[in-house]
Amino acid sequence: MHKADRITAALLLAAAVPFSAGALKYYPYWGEGGPGSAFLPFWLGVVMAGFALFMLLRRPREAVDWVPRGEGRKRVLVVIAITIVFVASLKILGMVLGTALYIAVLMRFLERHPWWLTAVVSVAAAGVNWLVFAHWLRVPFPEGVLWIF
């Protein structure tokens, strides 16, 4: 196992534990109607910590060059750039519209899916995102200047 793998696993573990603890500290784990807004982040942190421990404790393997080259590198950089724009625009667009646009850009311009499929998946994903987090778990979403969730 590369030194970078061990460092990544240690950083993931160092982020996962406070992530789970913060969820329990700032949000209710369980409410009157079932799981509270800390339920999903808590378990996500537990799973991340489990994967990090697995990475740290497994036996070293043969070194593999995992850094993308050529077109793969370009695609990774495009996804990172689109994600940065998405996060930076949340206060302007709001979570629902921002999520729909983020998925639409990835699907249409990176993967070249047809417009109809891009629209259906983008709207459905943004709607499910809102339904689960804002409606059921009552996690406040950034509304943006357009006052769209």
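These lines cover the structure that appears in this document, whether it is placed above or below. Just so it is clear, the model here is predicted, and its values are computed rather than measured.

**Regarding the overall build of the protein**
The secondary structure content of the protein amounts to 5 helices and 2 strands. Listing every helix and strand of the protein by position from the N terminus yields α-β-β-α-α-α-α. Each principal axis of the C-alpha distribution contributes one length, and for the protein these read about 50 × 45 × 25 Å. Element-wise, carbon and sulfur atoms account for 74% of the exposed surface of the protein, whose accessible area totals about 10500 Å². Charged side chains in the protein number 14 positive and 7 negative. The centres of these two groups are separated by 4 Å.

**Focus on the pattern of salt bridges**
All told, the structure shown has 1 salt bridge when counted by the stated rule. Arg75 is paired through a salt bridge with Glu111; the nearest N and O atoms lie 2.3 Å apart. Of this pair, Arg75 sits in helix 3 (residues 71-93) while Glu111 sits in the loop between helix 4 (95-110) and helix 5 (115-136); the two residues are 36 residues apart in sequence, bridging distant segments of the chain.

**Focus: the nonpolar core**
Soluble, globular proteins show a tendency: their nonpolar side chains are buried together. One finds Ile82, Phe86, Leu90, Met95, Val96, Ala100, Tyr102, Leu106, Leu110, Ala126 and Phe141 forming the largest nonpolar core, which totals 11 residues. Elements that contribute at least two residues to this core include exactly helix 3 and helix 4. At 6 residues, helix 4 tops the list of elements feeding residues into this core. What Ile82 contacts, discounting residues up to four positions off in sequence, is Tyr102, Val105 and Leu106.

**Things to note about the packing of aromatic side chains**
Following the criterion strictly, the structure yields 7 aromatic pairs and no others. Taken together, a centroid distance of 5.3 Å and an interplanar angle of 45° make the contact between Tyr29 and Phe39 tilted. Here Tyr29, found in the loop between helix 1 (3-26) and strand 1 (30-31), pairs with Phe39, found in helix 2 (residues 39-57); they are 10 residues apart in sequence, far enough to count as distant. Overall, Tyr29 belongs to the partly exposed group, its relative accessible area being 28%. Judged by its relative accessible area of 28%, Phe39 falls in the partly exposed class. Chaining the aromatic ring pairs together yields one cluster made of Tyr29, Trp30, Phe39, Phe42 and Trp43.

**Considerations on the environment of Pro35**
Structurally, Pro35 can be placed in strand 2 (residues 34-35). Between the C-alpha atom of Pro35 and that of Leu137, which follows or precedes it by 102 residues, the distance is 7.2 Å. Beyond its immediate chain neighbours, meaning those up to four positions away, Pro35 contacts Tyr29, Trp30 and Leu137.

**A few points about the packing of helix 4 against helix 5**
Contact pair helix 4 / helix 5: the axes reach a minimum separation of 8 Å and the direction vectors enclose 145°. Helix 5 is crossed by helix 4, and the crossing has right-handed handedness. Of the residues in helix 5, those touching helix 4 at Met95, Val96, Thr99, Ala100, Ile103, Ala104, Met107, Arg108 and Phe109 are Trp115, Leu117, Thr118, Val121, Ser122, Ala125, Ala126, Asn129 and Trp130. In the contact of helix 4 with helix 5, the residues fall into 13 nonpolar, 4 polar and 1 charged.

**Observations regarding the side chain of Thr99**
Structurally, Thr99 is set in helix 4. On the basis of relative accessible area, Thr99 is assigned to the buried category, the value being 8%. Polar contacts involving the side chain of Thr99 include one to the main-chain carbonyl oxygen of Met95, which spans 2.7 Å. Non-local contacts of Thr99, meaning those with residues more than four positions away in its chain, are made with Phe86, Ala126 and Asn129.

Reading guide: rules and limits
- Residues numbered from 1 in each chain as written.
- Predicted model: local features only at pLDDT ≥ 70, side-chain atom pairs only at ≥ 80, totals over all residues.
- Heavy atoms only, no water.
- Helix = DSSP H or I, 4+ residues; strand = E, 2+ residues; numbered from the N terminus.
- Areas by Shrake-Rupley, 256 points an atom, 1.4 Å probe, with all protein chains shown as cover.
- Lys, Arg positive; Asp, Glu negative; His and termini not counted.
- Charge placed at Lys NZ, Arg CZ, Asp CG, Glu CD.
- Salt bridge = Lys/Arg side-chain N within 4 Å of Asp/Glu carboxyl O.
- Core = buried A, V, L, I, M, F, W, Y, C linked by side-chain atoms within 4.5 Å.
- Buried < 20%, exposed > 50% of the residue type's maximum accessible area, 1.4 Å probe, protein only.
- Contact = heavy atoms within 4.5 Å.
- Phe/Tyr/Trp six-rings, centres within 6.5 Å; stacked < 30°, edge-to-face > 60°.
- Axes fitted to C-alpha atoms, helices over the stretch in contact; angles between N-to-C directions.
- Left-handed = near helix turned anticlockwise from the far one by under 90°.
- Nonpolar A, V, L, I, M, F, W, Y, C, P; charged D, E, K, R; others polar.
- Polar contact = N/O pair within 3.5 Å; in protein donor to acceptor, adjacent residues only side chain to side chain.

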